[in-house]
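# Chain and residue survey
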Amino acid sequence: MIKDNEFLKEISTKGLYSTDMRGKPMTVESFYDAISVINQKSEQLQNFANLGFYKVGKLLAKANDELGKGDWGKLRKKIHEGGLHIKTQERYMAIARNPNIELNYAKLPEQWTTWLKLAKLDQEDFDKIQHLISKDMKWSDVAPLLDEKSSSYREIFASNDKPHHKELFGLQFNTEVGTKRHLKEFQEFSKEVKELTKKYSFIKLNKKNYYDKTEYFLTHDEVEDDTTMAEAEGESKSIFKKQYQSSTKIDI
């Protein structure tokens, strides 16, 4: 661990992303080459990081299986205090535990976001696109094969999160700040918003789906959303039912 920490301290971007154009012609080709090199380096480093997130999920899942309930809670809290939000921990675990991800691990593309979308598919939809999975696969290649009436399609391409052309404001729940201790404030906020719509006849309240997820998160010990593992008697189960976003609009 000490050796790894020293390695992390030595990592530097010095010289990695050069924007020096001295001695080079100011042409489309020269700028294209310089930009492409930096972009390719950035994408590859991001892919390495994404693979690391998956490995974090595997270790978290193993810890959840091996540790007692008390120690598991202490570990999650300690990791959270170290900078990895509990919701994010649960999302990593859910992906790492997904059997389709595990069985196809060797041929999955490096983009971690694609793994997340694959993990959200039900088995029927996953079977439809399994033959297309490869290192070069793009999500845009497989999305058209999903049935627009299927639950997987609706969850991934939810229209309820898109802004409506008549919306005046977008109120967002800040997941970096909001915790269960804000329940009373959230209830008071909801009450005030409803009263506000009664005060002004030209305002119509359009409660979005993330409102229900936020209310559930604040009022339950276990959060039933796409990032949460339902824990019972030391066992975890991925429930990936809805798309998770760090902030989603609650519009009035």
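Each remark here, short or long, concerns the structure printed above.
What this report covers is the structure whose coordinates are included nearby.

What follows concerns helix 4 (residues 86-97). Under the 1.5 Å per step criterion, the end-to-end length of helix 4 is 16 Å for 12 residues, consistent within 8% with the ideal 16 Å. Counted residue by residue, helix 4 has 10 buried out of 12 residues, so it is predominantly covered. Looking at helix 4, one finds that the buried residues are K87, T88, Q89, E90, R91, Y92, M93, A94, I95 and A96.

Below, the discussion takes up the packing of aromatic side chains. All chains considered together, the criterion is met by 5 aromatic pairs. Judged by centre distance (5.3 Å) and plane angle (35°), the ring pair of F186 and Y211 falls under tilted. Of this pair, F186 sits in helix 10 (residues 183-199) while Y211 sits in helix 11 (residues 209-219); the two residues are 25 residues apart in sequence, bridging distant segments of the chain. Residue Y211 is classed as buried on the basis of its relative accessible area of 9%. For the ring pair Y200 and F202, a centre distance of 5.6 Å and an interplane angle of 45° mean the geometry is tilted. For F202, a relative accessible area of 63% corresponds to the exposed category.

Together, Y17, L45 and F48 give the surface a local cluster of nonpolar side chains, amounting to about 290 Å² of exposed area. With respect to the secondary-structure elements, L45 resides in helix 2 (residues 28-66).

A few words on the side chain of N100. As for its position among the elements, N100 is in helix 5 (residues 99-103). Ignoring anything within four residues of it in the chain, the contact list for N100 reads Q123 and F126.

Let us now look at the pattern of salt bridges. All told, the structure shown has 5 salt bridges when counted by the stated rule. The salt bridge involving D65 is made with R97; its shortest N-O contact spans 3.1 Å. Here the residue D65 occupies a position in helix 2, and R97 occupies one in helix 4, the gap between them amounting to 32 residues. By relative accessible area, D65 is classed as partly exposed at 48%. On the basis of relative accessibility, which here comes to 24%, the residue R97 falls in the partly exposed class. Ionic pairing is found between K128 and D125, a salt bridge with its closest N-O pair at 3.3 Å. One end of the pair is K128 and the other is D125, both in helix 7 (residues 123-129) and 3 residues apart, which spans about a single turn.

Next up on the list: the packing of helix 3 (residues 69-81) against helix 4. Viewed as axis vectors pointing N to C, helix 3 and helix 4 meet at an angle of 115°, and their least axial separation amounts to 9 Å. Between helix 3 and helix 4, the interaxial angle falls into the category roughly perpendicular. On helix 4, the residues touching W72, R76, I79 and H80 of helix 3 are I86, Q89, E90 and M93. Here the contact of helix 3 with helix 4 is built from residues that sort into 4 nonpolar, 2 polar and 2 charged.

Calculation criteria
Residues numbered from 1 in each chain as written. Predicted model: local features only at pLDDT ≥ 70, side-chain atom pairs only at ≥ 80, totals over all residues. Heavy atoms only, no water. Helix = DSSP H or I, 4+ residues; strand = E, 2+ residues; numbered from the N terminus. Expected span 1.5 Å × (residues − 1). Buried < 20%, exposed > 50% of the residue type's maximum accessible area, 1.4 Å probe, protein only. Phe/Tyr/Trp six-rings, centres within 6.5 Å; stacked < 30°, edge-to-face > 60°. Patch = residues over 30% accessible without salt bridge, like charges linked within 9 Å, V, L, I, M, F, W, Y side chains within 5 Å. Areas by Shrake-Rupley, 256 points an atom, 1.4 Å probe, with all protein chains shown as cover. Salt bridge = Lys/Arg side-chain N within 4 Å of Asp/Glu carboxyl O. Contact = heavy atoms within 4.5 Å. Axes fitted to C-alpha atoms, helices over the stretch in contact; angles between N-to-C directions. Parallel < 35°, antiparallel > 145°, perpendicular 65-115°, else oblique. Nonpolar A, V, L, I, M, F, W, Y, C, P; charged D, E, K, R; others polar.

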